[in-house]
Amino acid sequence: MGIDEVGDGTVAAIGSQLVDDGNLVPELEGEDPLGDLGNEEFLLNLYDEYAGGDRILWDESHGQFYTLDRFRNFAAYAEDNGYTVEATTDLTADLDDAGVLVVTSPSDSFSDAELSAVSDFVADGGLLVMHNQSDFNNFDETANFNDIAADLGLGFRFNDAEVGDEENNVGIYYLPLTANFNDAFPLFADREGITIDLQVGREYDVTVEDIADGDTVDVVFDGADVGLETDYTGTIRLLGIDTPESASVAASAERPEEWEGLAYDAGEVDPIDELVFDSTASLLDADGQPLTGDGPAVVYAEPTAFNVDEDGNGDAVEYPDDADIPLVAVDGTVAGLGAPFVDDGFDATADNEEFLLNLYDELIDGDTVLWDESHGQFYDLESFTEFESYAEAEGYDLQATGDLENDLCGADAVVVTSPSDAFSDSELSALSEFVADGGAVLFHDQSDFNDFDATANLNDIADALGLAFRFNDDQVLDEDENAGPPFVPTTGNFDGSSSLFETRAGIDDDPDARTTEYLVEWAGKATEFANRLDGEEVTLFFDENAKRGTAASTAQRWAATTSSGRPSGTPGRPTPASGPRVTSTTRRRTATTGWRRCSPPSRRASARSATPRHSPAGRCSPSPRPNGTVPDSPAGSRCSPATRTPGRRSVAAS
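Here goes a summary of the coordinates provided. (Residues numbered from 1 in each chain as written. Predicted model: local features only at pLDDT ≥ 70, side-chain atom pairs only at ≥ 80, totals over all residues. Heavy atoms only, no water.)

### Things to note about helix α2 (residues 72-80)
Three or four residues apart is the spacing at which side chains of an α-helix point the same way, because the helix has 3.6 residues per turn. For α2, every residue scored as buried is listed here: Asn-73, Phe-74, Ala-75, Ala-76, Tyr-77 and Ala-78. Positioned one or two residues after α2, Gly-82 has a phi angle of 100°, which is positive. (Buried < 20%, exposed > 50% of the residue type's maximum accessible area, 1.4 Å probe, protein only. Helix = DSSP H or I, 4+ residues; strand = E, 2+ residues; numbered from the N terminus.)

### Observations regarding the environment of Glu-49
Tracing the chain through its elements places Glu-49 in helix α1 (residues 39-50). Sequence separation between Glu-49 and Thr-10 is 39 residues, and the spatial gap between their C-alpha atoms is 9.9 Å.

### Examining the packing of helix α9 (residues 425-436) against helix α10 (residues 455-465)
It is at 9 Å that the axes of α9 and α10 come closest, and there the two elements cross at 55°. Classed by the angle they form, the pair α9 and α10 counts as oblique. The crossing of α9 and α10 is right-handed. Contacts between α9 and α10 pair Leu-428, Leu-431, Ser-432 and Val-435 from the former with Asp-460, Ile-461, Ala-464 and Leu-465 from the latter. Of the residues belonging to the contact of α9 with α10, the class tally is six nonpolar, one polar and one charged. (Axes fitted to C-alpha atoms, helices over the stretch in contact; angles between N-to-C directions. Parallel < 35°, antiparallel > 145°, perpendicular 65-115°, else oblique. Left-handed = near helix turned anticlockwise from the far one by under 90°. Contact = heavy atoms within 4.5 Å. Nonpolar A, V, L, I, M, F, W, Y, C, P; charged D, E, K, R; others polar.)

### Remarks on the sheet that holds strand β21 (residues 440-444)
Note on sheets: strands pair through backbone hydrogen bonds, and any given pair is parallel or antiparallel. Strand order across the open sheet formed by eight strands is β19-β18-β20-β21-β17-β16-β14-β25, with mixed pairing between neighbours. Single-partner strands in this sheet number two, and they are β19 (397-401) and β25 (493-494). As defined by bridge partners, strand β14 (residues 297-300) adjoins strand β16 (residues 326-331) across three bridges and the pair is classed as antiparallel. Bridge pairing in β16 links Ala-297 to Ala-329. (Pairing = 2+ DSSP bridges.)

### Considering the sheet that holds strand β4 (residues 55-59)
Ordered by their spatial adjacency, six strands build an open sheet running β1-β2-β7-β6-β4-β5, and the pairing between neighbours is mixed. Both edges of this open sheet fall to β1 (2-6) and β5 (84-88), since each of them pairs with a single strand only. Direction aside, the axes of adjacent strands within the sheet are offset by 20° on average. Here helix α5 (residues 142-152) sits on the sheet and contacts β1, β2 (9-14), β6 (100-104) and β7 (127-131); the angle it forms with β7, its principal contact strand, is near 150°.

### Digging into the pairing of β16
By the criterion of burial, β16 is predominantly enclosed, with five of the six residues buried. Pairing of β16 with strand β17 (residues 334-337), which is carried by four bridges, proceeds in the antiparallel orientation. In the sheet register, Val-328 faces β17, and the bridge partner there is Leu-337. In textbook terms, the turn of a hairpin is the stretch between consecutive antiparallel strands, and for β16 and β17 this stretch comprises two residues, one of which, Gly-332, has a positive phi near 65°.

### Comments concerning the nonpolar core
Phe-355, Tyr-360 and Phe-443 are the most contacted members of the largest nonpolar core, which has 73 residues in total. Of all the elements, helix α6 (residues 352-363) adds the most residues to this core, at six residues. (Core = buried A, V, L, I, M, F, W, Y, C linked by side-chain atoms within 4.5 Å.)

### A closer look at the packing of α6 against helix α7 (residues 385-393)
Running from N to C, α6 and α7 cross one another at 50°; their axes reach a closest spacing of 11 Å. Taken together, the axes of α6 and α7 lie oblique to each other. Seen along the crossing, α6 lies across α7 with a hand that is right-handed. Across the interface between the two elements, Glu-353, Glu-354, Leu-356, Leu-357 and Tyr-360 from α6 touch Phe-387, Tyr-390 and Ala-391 from α7. Its residues assigned to classes, the contact of α6 with α7 shows six nonpolar, no polar and two charged.

### A closer look at the packing of aromatic side chains
Taken as a whole and assessed by the stated rule, the structure comprises 26 aromatic pairs. Here Tyr-204 and Phe-221 contribute two aromatic rings whose centre-to-centre distance is 5.5 Å and whose plane-to-plane angle is 80°, an arrangement assigned as edge-to-face. One end of the pair, Tyr-204, is in strand β9 (residues 203-213); the other, Phe-221, is in strand β10 (residues 216-221), with 17 residues separating them in the sequence. With respect to burial, Tyr-204 and Phe-221 carry one shared label: buried. (Phe/Tyr/Trp six-rings, centres within 6.5 Å; stacked < 30°, edge-to-face > 60°.)

### Here's the deal with the pattern of salt bridges
Inspection of the entire model under this criterion finds nine salt bridges. Between Asp-97 and Arg-55 there is a salt bridge, and its shortest N-O distance comes to 2.3 Å. Of the two residues, Asp-97 sits in the loop between α3 (91-94) and β6 while Arg-55 sits in strand β4, which places them 42 residues apart along the sequence. Taking the relative accessible area as the measure of exposure, Asp-97 reaches 53% and is therefore exposed. Here Glu-394 and Arg-504 are joined by a salt bridge, their closest N and O atoms 3.1 Å apart. One end of the pair, Glu-394, is in the loop between α7 and β19; the other, Arg-504, is in the loop between β25 and α11 (517-531), with 110 residues separating them in the sequence. For Glu-394, a relative accessible area of 12% translates into the label buried. (Salt bridge = Lys/Arg side-chain N within 4 Å of Asp/Glu carboxyl O.)

### A word on the environment of Asp-294
Along the chain, Asp-294 falls in the loop between β13 (283-285) and β14. Here Asp-294 falls in the exposed class, since its relative accessible area comes to 85%. Sequence-wise, Asp-294 and Gly-496 are 202 residues apart; in three dimensions their C-alpha atoms are separated by 9.6 Å.

### Let's talk about unusual backbone geometry
In this structure, Leu-18 takes a positive phi of about 70° despite not being glycine. Even without a glycine there, the phi angle at Asn-450 is positive, about 55°. If you trace the backbone, Asn-450 turns up in the loop between β21 and α10. Relative accessible area serves as the criterion here: at 51%, Asn-450 is assigned to the exposed category.

Written out as structure tokens, the structure is:
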């Protein structure tokens, strides 16, 4: 956003619609347990600071998709704060007594007469607010806005681009969050925002829109019943039952012990106690000598193992008989493994994938992992599809790259398997800077059988990074501890950080195998019962006697067990970290909001999901979200729930 003063007036440029009904997330009466998105408060502060009067004129004379009707909640909020808000289709005739002119993305350009009228309006003390949007599907009207900016001689222009943020967002990168403010402008004072009025003891007639599982449903409130101008979709918990999460981001983190109201008999996930190394090399110290004593090694072969110069080149470093042979080492945010370790077909009954994910969690600050395919690797990402799916289910985004140097800026980690081609000096420099800035690198070598390894190229990288370990041009064998042949040694000989060996569910873990059959049966029955409510009209009330931890107010009681609340057609929000049972997620998982581009970008094997965002009429029709709702969309393109015979039931909820 930018602000420029022209004459006695002010011009504000905002890169998004910011406060349309499809983006506002109202607060609950009395508090904001979801975490305050201050969009409407910020914009009203802008009006209070710079408006030339209390009449807001909303331009609808230039083919705008975002008419005033799409800002009903904000318009009511502004009027509650002393403004009048009116739409106009004749800009030059209606500007005279306006204090604020709002222009959303104009499909039609402004005439010379209109540009002159706007210029006079601003010069005389008016506030012009321009709301653009990203260039997704070319929905923006950047050129028309920049014509206005040029005519006014402003110090800024709009960019024909889209801003994304992989780390700070409301669930997906094209919904960025920011608190990066220029405090020189008096626009960030706290004030009451748009609120939702939900009361214990009152009954609400709602429509059940979607069933998450046996205890959690989405319902649509009439906006008038909760103090809004638009309908409101809230996720509620049915009292008296708790079932496992079925399709949420928290599904993998839910344990049978959390199924309140149901007896359980759960066993423990097996601890990490055995790793399998198929065709593995060993590791050396920084001088190319046996890596012994205290150092970076965290996994060793069993004492029965030995190493050989399998390709006969005479370049393997032999380990003494009494020395443990290291197979995995960690130095800072860099790890070296002597084998591909989790390539397709690996033994999933071992704990390889669990250990490697623990290693990811330990080293990687973020979720984007680049898989280098730019150096003639045989082991590309397609060779690791089982592990890729497992890692992405745990919240990571694995992406193949054919241009490592240029793609590093968007990554949190890099995986390099045996590179047939050497890294260039500029690539080594870029990788060194990446590690120095906190990026993680994981190397997978392999044994020198048939000279398949690329040990020299890996060691060039290790030299450039100044690592405390190097790779050995050898093969490790174990005649006693193996998964069949001696070149597939197994080991439980661990050292180093205990966090690398923490228990976690792996690919071969079957939740049903650790749960008594009647638990699964009754959870299914509860979900079957809840599904009968799908599409029905029900009478909803909130039980004032339900336990809500330390919650004191009506709003707090609601918040403690509400996953998300939003006007119909708005993005959801991450689950609040409060209340007696807010479902947890695994360490690096990002909660999703239920938004998706109409045409998703081509992205290989991405685990990120979404549902459609706003689209002007005729451009893209939204499809249902996973929770059954759809964003606001032009008439005729809204997805309607399946027709059902209306029923009336009463349910208690929290």
